[in-house]
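Structural overview
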Amino acid sequence: DDFAGGALAADVLRRSRSGHARLVVLGGPESDRRSSDRIAGFRSRARPRVVHAADWFAESGKKAAAKVLDARPQGVFAANDRLAEGFLTACRSRGITPPAVIGYDDAPIAEPLGLTTIALPWRDLATAIADRARARLSEPDSAACTSLLQPRVIVRASTL
């Protein structure tokens, strides 16, 4: 649920040292629904400036960092951890102490960066899929079902 993840990121930033101050979302490509949903969720809780990166990779986060920093943010939500990585790299290369930063995905890069992130419940998702497949195989006419799995926050204090 990308919308819920974006809203959760806003809640975390608003409770952090950045409070209700200047917030910026470093989104993925404008045409990508995942990015749009994450931004919409964030906007449901806060009024950020939005800067879009060309793609989901760290190099694009690094390139977009100048526009993000122009807003003098006190908190940044990067729509994925690789964009956060690029943003943090750009801050480091400019000798700038980064604002509070939260990413999304809990990608392998998040832990070494000390990046607080919104984690997708991959293990829960895999379990739900396997359980549903077993149920369908044993009862092919069983009713369809919907599972709603919520993202969760992984707090790594060095970037919050």
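Further up the page is the structure itself.
Bear in mind that the values here come from a model prediction, so they are computed numbers and not experimental data. (Residues numbered from 1 in each chain as written. Predicted model: local features only at pLDDT ≥ 70, side-chain atom pairs only at ≥ 80, totals over all residues. Heavy atoms only, no water.)

Points about the sheet that holds strand β5 (residues 116-119)
Taken together, the 6 strands give an open sheet; going across it, the order is β2-β1-β3-β4-β5-β6, and neighbouring strands pair in mixed fashion. With one partner strand each, in any of the chains shown, β2 (49-52) and β6 (152-154) form the two edges of the open sheet. Across the sheet, the mean angle from the axis of one strand to that of its neighbour is 20°, orientation sign disregarded. Bridge count for strand β3 (residues 75-78) against strand β4 (residues 100-104) is 3 bridges, and the pairing is parallel. Among the inter-strand pairings, Val 76 is bridged to a residue of β4, identified as Val 101. (Pairing = 2+ DSSP bridges. Helix = DSSP H or I, 4+ residues; strand = E, 2+ residues; numbered from the N terminus. Axes fitted to C-alpha atoms, helices over the stretch in contact; angles between N-to-C directions.)

Digging into unusual backbone geometry
We note that Asp 105 has phi near 115°; this positive angle belongs to a residue other than glycine. Within the element layout of this structure, Asp 105 appears in the loop between β4 and α5 (110-113). In this structure Asp 105 comes out as buried when scored by relative accessible area, which is 16%. Here the phi dihedral of Asp 106 falls at roughly 50°; this positive angle occurs in a residue that is not glycine. Residue position: Asp 106 is located in the loop between β4 and α5. (Buried < 20%, exposed > 50% of the residue type's maximum accessible area, 1.4 Å probe, protein only.)

Topic: helix α4 (residues 81-93)
In a regular helix each residue adds 1.5 Å, so 13 residues correspond to 18 Å; α4 covers 18 Å between its end C-alpha atoms and thus fits that length. For α4, the complete set of buried residues consists of Asp 81, Leu 83, Ala 84, Gly 86, Phe 87, Leu 88, Ala 90 and Cys 91. Its buried side turned inward, α4 meets β1 (23-27), α3 (58-70), β3, β4, α5 and β5. Of the residues that open α4, the one with a side-chain oxygen 3.1 Å from the backbone nitrogen of Arg 82 is Asn 80. Gly 95 sits one or two positions beyond α4 and adopts a positive phi of about 70°. (Expected span 1.5 Å × (residues − 1). Contact = heavy atoms within 4.5 Å. Polar contact = N/O pair within 3.5 Å; in protein donor to acceptor, adjacent residues only side chain to side chain.)

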